[in-house]
Amino acid sequence: MVLSPSPAPAPSPAAAAAPARTKLTHSGGVLQKNREFLDFFWDIAKPEQEIRLMAISGLLEYLRSSEGDDLEYTIQRLIEGLAATRETARPGFSLALAQVLQCKETILLRTILEQIKKKHDINITKKKFIRNAVFGNFFGVLALSQSGRLIKEPDILLESIQLLQSLSKYRQYLRDLPAKTIMDILSETPENVFKKILFGALQEDMSSAFSTPAQLHLLLVALQRFPKVLKPKNLKKLLGSSAILSPENVAKLIELLKVAARSVKKDQTLPPLALDLVRVTLQEGTFEMFWKDVVENGLLKEPSGPTSYFCFRLLGASLPLLSLSQLNLVLTGEVMRQYGDHVVIAQLPKRFRFGPEMTNLVDSFLESTQDEAKQFMVIKGFSSLTNYGHPVIPSYWKVVCRLQSSVLVKYVDWLKNMFTSPDFDICTEFSTKRQKENKQAIDRTQHSVVRLRSWIVARLISIVDNWQVKKEEDLVMDIARFIFFHAFFGAKRYTSDIPETEVTLTIPLDEKTRDMMESSFFCLLNHLNSLPPLGDSAELGDKNEKRVFGVTADGNLWIYCLVQYASVLLSQERSVQAVKPFTQIQRKAWDRMLQSVEDLQKKSKTARKQEASAFQLLFLLVGIQLFKVGEDSLALLSDLHKCVEEWEQKKIKKHSTHVTRKEEPDWVEVMVEILLSFLSQPNRLMRQVSKMVFTRICPHVTKEALQLILDVFNPESEEGEESALIVTEDFEKSQTKADWSNDDEMEDESDSDESEEEEDDNDDGADDSDEDKSEEDAEEEREEAVDENFRMELMKVLQTTNAISKEGESSSDEEADDETMMALDKNIAALFSERKKRLQAAKDKKEKMMKEKALRKNFKIKVLDLIEVFLAKQPENPLIFDIIEPLIAIIEENLSSHSNQQEQDYLRKAADIFKNQLCKAKTYCQNISEMKEDLHKLMERLVSRASKQSDSSVSLYCFSGALYLLRVLKGKAINPAITDKTEKGEKAKTGQVDSFGNMDMKKVTELYQGALTLFMTRRKCSLTGSMFGNLFSRFPVMCERLLPLAIVSITDGIREHQRGQACCLVLQALQSQDVRQSFPGDKWNELITEVISQVTQCLKTVTAVKLKVEQEEVRKCLELVQFLVKTVTQQRLDISLAELTSVLQSLEELEDACKISDLYWHVMKLLGFKKPQKVKVKAQLPNPAAAPGPLKKKKGFLPETKKRKNWKKKKTPTLENEQIKKENPDGKSDEAPKATSDRMDKKKKKKFRKRKKTPKENAAGNTEKTQEPPAKKSKKKSDGGKSNQLG
């Protein structure tokens, strides 16, 4: 049931332990109900379900322990609540009544049913309360049904069914709820009760089953529940046919299903009638007739959307009920073709897409069924739904993870067979309406084969990539071998060593498919490189052990297994042929690479495992690229061999660090150059491998190698990068064209060709910024403006043909003949054509430059990965200090410019690395004794750079870098061994360590004193108070040395802001425990005295607190004064506060002092002053007789200035008033206003409001406005005015 509430939970122990109930009586002595008891009924009517259930549980506990007439009152109250006006209250009262009837079996159901009929009698109910009465009867029967006792009393069951039948005519209120309730009752009714009692009552409804969907559904439920009662002969008496589905009933069923489909249009669900009909047809053996005649030839012919979606939902929901032959009928029929057509057309924006709902239906089917044959049939059927060879389901389909392991292996084999031997006869092929109209003479077969193969490769890769798919290593390796073989090799003859040669291609691969497979293979390599352990190896591993990705169960890299397979293919030249055969040089390089990998694999078990694995990974990656780009890979392999040789030499001769010649680069530098070349390629695999390799070799990175990385961010080096990045542009285009996500290809053949072309154009230009658009507009404006050179060329062309008369000569159109004009036209056309080509070339050059700029920015973003890895893996490396200034330069360069999204990502990543990976690093370099001078100079440059910035946000990064260097120079505070007892005692008191590490305290103090002086004395300074506050909090040693300057700045600050910030810094310093310990005894008194003196002088200069900066200055001063006063009083210091008190008292007299009133009086309270309380004086009303002035405005009346003047003049059109107007044309009265006239005005206003609300006058449109009222009304008004005056 839709509206049937859930049963009440078990009563809680708290409800059982109810407090003692006290009975209340009113003055009349009538017994009143307990307050707690009545609250139950209020809570039952509340919209929150939890509150309703708790109230019902409490009510049941109350009734179990109650005595007297509580049960009778409860029944009465619950029956009344069945017809409540609130929708949420009715189910609550119905559920409560059901639970009470279930708990108290002594209550007769007949009594309850009679009370319900009597209380909610529709025949005697007023018309406006019929709706409530209908709901009261319905929910009453629902309560009887939910009580579980209705089946035990057949007579009451029959009356309840009859009552529900009588309620069916109120469809505008209940819709199909009575019919659904009858079906629910039938599902619990025994067969003998149905046969003896209900069959006769429901016979009329079942005989008219083809009238409404609800009656048909009732018959279908009865057929499934009582097949022995509704035998074919009984069914023939009811319907005239022995089966639900017969040729005579097909048309009726079609119309009923259309009505049912339209009824759930808003709900977007499948009507329950549909699945019950499918079950009945399966029992009768007429499902094939139902699907062909009713669904495909009936409902699908309806052009409306609800019927089509009804068929799609019926297809997905009926999958668990069908056999293999029936599944084949459904999955290859017209409904599937219609669904495929919908999927293709629904690619347009703002279209309803049924694809996600169908995915959920198939996913639930695959999850629920364990039949392998059915699983394979369904996944194969949806994969065979093709549009010109391309399946409509996405290549990455989440339902694949529901397949069992054996079904998945069988499905992969089927995909591989379809790749090698495309068979479109087993596919459910369809074409859209526009494709049928387009009759171009193209080779559809070859086009379909290309599309199908592209999708199959993408589906195979998605199976490997999806970590939710349960797969074994053998299956993954089988997919990788299949893609690699068909990407780079071809079979000559069959050999048992290579299973891929068993099946030959029926249709050879074209060049486009080869390129697609090459790119797809490297995409597969990327997924394999990040693949977690599969099978039992993933479960047997220790949970605390770090998981290794990209390796098999035996510890080998996936790429190593593929290289071994490639080596087998190269050795089988008689059976296998390479698409691009190796030359002798390439084959030698391949063999040497394999030998190097084997040697490195042996050495990877030693202590230097990281470096060996890095070389091994690079060798394998570059080696397998020989099949795609042979010449470039040869050079990289040669460089790698040199790096390995040099690394081995350094390993043997550890103490001789300068083995190689100076002109030859170190092996780490060569490795870094190789990684940078990888990053310049738009390939995710290269980026991932570069990051992995650099992680393993970063302990060996030298200053020169790091400089190669930092040179990428240097703007002067962009010209050198340009050539390398331009080459990769073509590679990027080819990769995007050969991308294995072929959804766009399917869309290009759909009805939305033009729309999707526009969308693709928009996607291609999505990276262009607003700045680029403005430049294009400027370019168009320049095109319109004709330059002087073009003007001169045009003049020359015209002068050569005498088209322009010389000065002083007359010209006419008859002077030039036709040949001259034709030649002139050709010359002008050639000139404009040349100009157009020149402008187009300039535009293309500009677009090329923008693309190159985007490529360079993308390359820099990738290189930032190496910086991030180096900072994370080598936080104690002294080379980190060389990274600080380049990162700040990146932030400076990009923060101030109006950049696009790509540049914002670049800036955000650089700032995140600088802030989190560098400045907030937990560990840092310790051995800096040799470079402390350089670090001091670097700190000085950063502080100077921070003070010269135009943007304070950039200045913050510079200042943070300087604080990082200060932390490095200071080092960890380790107390030295102190032998002197007196010195030890003194250190114990102060807790201060004299050792400042490698920090030159004098230089650092002068540096930050200069920065603080600059901040306090310069009007426009990029430094902020929060920077120095961070310095004070993190380094109390610097706080102690900068405190005197901050104290002086309280009065010497150039502006209010600086003086307020000085107060904040001083307050922060005084609150520090380290600073407190550094000023023992009298020094602390002197310090507090000096601060009080400075604050007093600062407050003396305050003349107003109107502006925000002035209020902020006074507020900061008061916060500091508050701390000072507390310190003096709590520590009982011998310091006078008289002068400060007098200055504070003078602040109260300032204008706008109320804006700082709370803090001010909090400080004054510490000094012994109390805030004066404002005495509210009640204003006395003046005596109207004594004072002849205007009366004070009373509450609820408009003032005189707000009253409508015209209405006042025309308010009392009496003869006396007319006479007064003649005598006093100015409208002034000689007499003063009286209190009695005031009362009469009130009565007039009240009467006016009442008359304004009368319906007759509103209907006639007679409302009081500024215009002259009618004569009759004025007469009534004047009469009323006279009567009021007389009264």
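Scroll up a little and you will see the structure.
Analysis parameters
Residues numbered from 1 in each chain as written. Predicted model: local features only at pLDDT ≥ 70, side-chain atom pairs only at ≥ 80, totals over all residues. Heavy atoms only, no water. Helix = DSSP H or I, 4+ residues; strand = E, 2+ residues; numbered from the N terminus. Contact = heavy atoms within 4.5 Å. Areas by Shrake-Rupley, 256 points an atom, 1.4 Å probe, with all protein chains shown as cover. Axes fitted to C-alpha atoms, helices over the stretch in contact; angles between N-to-C directions. Parallel < 35°, antiparallel > 145°, perpendicular 65-115°, else oblique. Left-handed = near helix turned anticlockwise from the far one by under 90°. Nonpolar A, V, L, I, M, F, W, Y, C, P; charged D, E, K, R; others polar. 1 Å grid on protein atoms, 1.4 Å probe; cavity = no way out; pocket = protein on both sides within 12 Å on 5 of 7 lines; lining within 4 Å. Points joined across faces, edges and corners; volume = space filled by probe spheres on them. Pairing = 2+ DSSP bridges.

A. The arrangement of the overall build of the protein chain in detail. What the protein chain contains, in helices and strands, is 59 helices and five strands. Summarising the internal contacts of the protein chain: among those between residues at least 6 apart in sequence, 75% fall at separations of at least 24. Carbon and sulfur atoms form 50% of the exposed surface of the protein chain, whose accessible area is close to 70700 Å².

B. Spatial organisation of the packing of helix α30 (residues 609-624) against helix α32 (residues 667-679). Running from amino to carboxyl end, α30 crosses α32 at an angle of 45 degrees, the nearest separation of the two axes being 13 Å. One element, α30, and the other, α32, form an angle in the oblique class. Helix-helix and strand crossings are classified by hand; for α30 and α32 the assignment is left-handed. When α30 is examined against α32, the residues Phe615, Leu618, Leu621 and Val622 are found in contact with a partner set consisting of Trp667, Met671, Leu675 and Phe678. Residue classes in the contact of α30 with α32 are distributed as eight nonpolar, no polar and no charged.

C. Spotlight on empty space enclosed by the protein. Counted under the stated rule, the structure contains seven cavities of 30 Å³ or more. Approximately 80 Å³ is the volume attributed to the largest cavity. As for the largest cavity, its lining consists of Leu525, Leu528, Asn529, Gly550, Trp558, Ile559, Leu617, Leu621, Leu685 and Val689. Elements represented by at least two residues in the lining of the largest cavity include exactly α26 (511-529), α28 (558-571), α30 and α33 (684-697). Along the lines of polarity and charge, the residues of the lining of the largest cavity split into eight nonpolar, two polar and no charged.

D. Inspection of the sheet that holds strand β2 (residues 390-391) at higher detail. Strand order in this open sheet of three strands is β2-β1-β3, and the pairing throughout is mixed. Edge positions in the sheet fall to β2 and β3 (428-430), since each has one partner strand and no second.

E. How the structure looks around the packing of helix α16 (residues 287-296) against helix α17 (residues 305-317). For the pair α16 and α17, interaxial distance at closest approach is 12 Å and the crossing angle is 160 degrees. Viewed along their axes, α16 and α17 adopt a mutual orientation that is roughly antiparallel. Between α16 and α17 the crossing geometry is left-handed. Where α16 approaches α17, its residues Phe290, Trp291 and Val295 are matched on the opposing element by Cys311, Leu314 and Leu315. Partitioning the contact of α16 with α17 into residue classes produces six nonpolar, no polar and no charged.

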